[in-house]
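What the coordinates show
Spelled out, the chains give:
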Amino acid sequence: MSYWCERAWLPDGPTANVLVETSGGRITRVTPGVGQCPPGARRLDGLTLPGTANAHSHAFHRALRGRTADQRGTFWTWRNRMYRLAHRLDPDSYHRLARGVYAEMALAGITAVGEFHYLHHAPGGESYADPHAMSHALVRAAGEAGVRLTLLDTCYLSGGFGPPVEGVQTRFSDGTAEGWAERVRDFRPEYEGVLVGAALHSVRAVPAEQMPVVREFAHTGGVPLHLHLSEQRAENDACLAATGRTPTQLLDEQGVLRPGTTAVHATHLAPADVVRLGRSGTGVCLCPTTESDLADGIGPADELAAAGCALSLGSDGHSVVDPFEEARAVESGMRLRSEVRGHFSTAELTAMTTSVGHRALGWPDAGTVQAGERADLVTVSLDGAKFAGVPPSSAMLVASAADVREVVVDGTPVVRDGVHLRVPDVAGELRASVEELLGTP
């Protein structure tokens with residue numbers, strides 16, 4: 001299949017009249033300066049970007065969108081409501097909800113998602129008859145929604161520094177890191193667009209002596225390793241009290257920080273923590289709309305980038321599913337924090353949500369429009385009044401998910417004219433699945 005792009009975001013920036021030829025899910029040739037759309041090619045008006053990557057997702061959190069807005073409190077009070085939701089999910093309801101969530105992502109131009117998956121077992125912590133039932137639910141949902149999935153199977157073993165898991169947390173735990181690793185090794189996904197990676201939930205949920213098992217599982221398997229890091233000051237304080245170390249220090253001592261590891265949030269860091277992350281080659285996934293929604297704080301994105309951390313983006317709890325808004329929020333957060341403008345260029349923000357995000361998820365052959373890459377294309381309409389007078393190079397700073405008109409994933413059209421080709425009523429499916437779990441608002 002060939003696509004003629006009115007403008008395409010190539011490695012050097014927006015370029016006019018670009019013919020992109022694909023075969024077998026790959027881009028085979030990119031030819032700028034093709035004045036007219038050739039016969040048989042699909043015309044893509046507007047700006048065509050590489051597929052975007054959502055490097056951090058908790059699919060089931062999407063059901064809480066708008067339902068906690070009236071709640072005054074902190075992350076920890078929000079977590080109580082999230083736990084009540086987690087208690088209600090089973091493989092069937094999780095599949096239905098995640099299918100709608102991943103389809104919403106596709107409509108927003110997301111072609112690959114990293115699912116930070118810790119809801120493994122039945123209520124009470126017993127395994128389902130199929131111990132991989134919840135994982136299969138997510139894999140089926142991604143396949144049906146037409147997006148690639150990095151299933152970041154998450155090790156979660158304790159309820160804090162010392163306390164065991166309790167209540168709904170028993171659904172998250174495999175007892176030991178070895179038990180976790182054994183379950184993950186046995187999982188065989190039924191969708192070729194999935195990569196099984198690893199995650200260490202946090203320093204409070206995985207004891208230090210168990211961390212090497214997770215680290216080596218990821219390292220020997222050559223798969224991504226993700227972890228929550230310093231999202232909350234209370235976590236930092238508890239870690240210091242229990243170990244005498246910051247979470248970053250503790251992870252560094254256990255050999256977890258390295259290339260191939262991505263720390264999510266990294267909001268409350270000491271200067272020495274920033275240096276450790278950069279020196280180790282650890283990437284950082286920022287989730288600014290969720291960090292704002294949960295009142296987490298604004299992380300030191302500029303300092304992390306200067307230290308050498310590759311920055312990617314995630315929508316985390318899905319208060320918003322919009323990669324353009326996430327990218328803008330990184331820059332606006334830095335401006336609010338520093339009272340200085342211009343921390344990241346448009347090209348840098350675009351890379352966060354495309355090439356860097358795909359690498360963080362284990363798809364290094366995605367995220368740019370060039371020969372040999374995966375044929376992921378996202379076309380944004382530039383017809384709206386908000387784009388009037390805006391240079392194409394700045395369209396990323398103006399666009400939103402609602403402007404996405406066409407999405408191609410691995411050479412297969414998934415969204416056309418703003419309609420999902422596999423899930424034609426995304427809104428209806430999401431509404432039904434959320435109301436099934438939480439009732440009519």
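The sections below set out a description of the structure shown in this document.

About the cut-offs
Residues numbered from 1 in each chain as written. Predicted model: local features only at pLDDT ≥ 70, side-chain atom pairs only at ≥ 80, totals over all residues. Heavy atoms only, no water. Helix = DSSP H or I, 4+ residues; strand = E, 2+ residues; numbered from the N terminus. Rg over C-alpha atoms; globule rule 2.2 N^0.38 Å. Buried < 20%, exposed > 50% of the residue type's maximum accessible area, 1.4 Å probe, protein only. Contact = heavy atoms within 4.5 Å. Lys, Arg positive; Asp, Glu negative; His and termini not counted. Charge placed at Lys NZ, Arg CZ, Asp CG, Glu CD. Salt bridge = Lys/Arg side-chain N within 4 Å of Asp/Glu carboxyl O. Pairing = 2+ DSSP bridges. Right-handed = clockwise from strand over helix to strand, strands pointing away. Axes fitted to C-alpha atoms, helices over the stretch in contact; angles between N-to-C directions. Parallel < 35°, antiparallel > 145°, perpendicular 65-115°, else oblique. Left-handed = near helix turned anticlockwise from the far one by under 90°. Nonpolar A, V, L, I, M, F, W, Y, C, P; charged D, E, K, R; others polar. Arc of directions from axis to C-beta. Expected span 1.5 Å × (residues − 1). Phe/Tyr/Trp six-rings, centres within 6.5 Å; stacked < 30°, edge-to-face > 60°. Lys NZ or Arg CZ within 6 Å of the ring centre and 35° of its normal.

**Section: the overall build of the protein chain**
Across its full length, the protein chain holds 14 helices and 16 strands. Taken against the 2.2 N^0.38 rule, which gives 22 Å for 441 residues, the C-alpha radius of gyration of the protein chain at 21 Å falls within 12% of a compact globule. Viewed in the frame of its principal axes, the protein chain has a C-alpha envelope of about 65 × 50 × 45 Å. Looking at the protein chain as a whole, 57% of its 441 residues qualify as buried. Of all intrachain contacts in the protein chain linking residues separated by at least 6 positions in sequence, the fraction that spans at least 24 positions is 74%. Of the charged side chains in the protein chain, 39 are positive and 52 negative, and the gap between their average positions amounts to 2 Å.

**Section: the pattern of salt bridges**
One side chain can pair with another of opposite charge once the charged atoms of both are near each other. Scanning the entire structure with this criterion turns up 25 salt bridges. Across the pair Arg43 and Asp45 runs a salt bridge, and its minimum N-O distance is 2.7 Å. A salt bridge links Arg374 to Asp365; its shortest N-O distance comes to 3.1 Å. Summarising the burial analysis for this pair, Arg374 and Asp365 share the class buried.

**What about the pairing of strand E10 (residues 261-265)?**
Here E10 lies mainly inside the structure; 5 of its 5 residues are buried. Pairing of strand E9 (residues 225-229) with E10 involves 5 bridges; the strand directions are parallel. For Leu225, the partnering residue across the bridge sits in E10 and is Thr261. Pairing analysis gives 3 bridges linking E10 to strand E11 (residues 283-286), with the strands arranged parallel. Bridge pairing in E11 places Val264 opposite Cys285. Between E10 and its parallel partner E11, the chain crosses via helix H8 (residues 271-280), and the hand of that crossover is right-handed.

**Description of the packing of helix H11 (residues 323-338) against helix H12 (residues 346-353)**
Relative orientation of the contacting elements H11 and H12 amounts to 130 degrees, with a least axis distance of 10 Å. Classed by the angle they form, the pair H11 and H12 counts as oblique. Relative to H12, the crossing made by H11 is right-handed. Counting all contacts with H11, which are made through Pro323, Ala327, Val330 and Glu331, the residues of H12 involved are Leu349, Met352 and Thr353. Residue composition of the contact of H11 with H12, grouped by class: 5 nonpolar, 1 polar and 1 charged.

**Concerning the pairing of E11**
Burial of E11 is two-sided: the residues Gly283 and Cys285 facing one way and the residues Val284 and Leu286 facing the other way are all buried. Pairing of E11 with strand E12 (residues 311-313), which is carried by 3 bridges, proceeds in the parallel orientation. The residue bridging Cys285 from the neighbouring strand is Ser312, located in E12.

**Focus on the side chain of Thr346**
Tracing the backbone through its elements, the reader meets Thr346 in helix H12. Residues contacting Thr346, with those up to four places away along its chain left out, are Trp9, Ser393, Met396 and Leu397.

**Remarks on the sheet that holds E12**
Strand order in the open sheet made by the 8 strands is E5-E6-E7-E8-E9-E10-E11-E12, with parallel pairing throughout. In this open sheet, the two edge strands, each paired with only one partner strand, are strand E5 (52-57) and E12. Between one strand and the next, the sheet's axes are offset by a mean angle of 25 degrees, whatever the strand orientation.

**Let's talk about the sheet that holds strand E13 (residues 377-380)**
Sheets are built from strands that pair by backbone hydrogen bonding, the pairs being arranged parallel or antiparallel. Taken together, 8 strands build an open sheet; the order of strands is E3-E2-E1-E4-E13-E14-E15-E16 and the sheet is mixed. A strand with exactly one partner marks an edge of an open sheet, and here the two such strands are strand E3 (26-31) and strand E16 (419-420). Pairing geometry for strand E2 (residues 13-23) and E3, over 5 bridges, is antiparallel. Pairing of Val20 across the sheet is with Val30, part of E3.

**Here we look at unusual backbone geometry**
For Ser230, which is not glycine, the phi torsion reads 50 degrees and is therefore positive. When you line up the elements, Ser230 lands in the loop between E9 and helix H6 (233-243). Classification of Ser230 as buried rests on a relative accessible area of 0%. In this model, Asp316 sits at a positive phi of 50 degrees, which is unusual for a non-glycine residue. Overall, the relative accessible area of 4% leaves Asp316 in the buried class.

**Structural notes on H12**
Among the residues of H12, Thr346, Leu349, Thr350, Met352 and Thr353 are the ones counted as buried. Buried residues in H12, looked at end-on, bunch into an arc of 155 degrees, giving them a common side. Residues of H12 that are buried make contact with strand E1 (2-10), E5, E12, H11 and helix H13 (355-360).

**Details of helix H1 (residues 75-88)**
Along its 14 residues, H1 runs 20 Å from first to last C-alpha, staying within 8% of the 20 Å computed at 1.5 Å per residue. On its buried face, H1 is in contact with helix H14 (426-438).

**A look at the packing of aromatic side chains**
A complete count under the given rule lists 8 aromatic pairs for this structure. Ring centres of Phe75 and Trp78 lie 5.8 Å apart, and the angle between their planes is 40 degrees; on these two criteria the pair is classed as tilted. With a gap of 3 residues between them, Phe75 and Trp78 both fall in helix H1, about one helical turn apart. Their ring planes at 65 degrees and their centres at 5.0 Å tell us that Trp180 and Phe217 sit as a pair that is edge-to-face. On the criterion of sequence distance, the pair formed by Trp180 in helix H4 (residues 177-185) and Phe217 in helix H5 (residues 211-221) is long-range, its members being 37 residues apart. Like Phe217, Trp180 is buried. A cation over a ring is seen here: Arg148 above Trp363, with NZ or CZ 5.1 Å from the ring centre.

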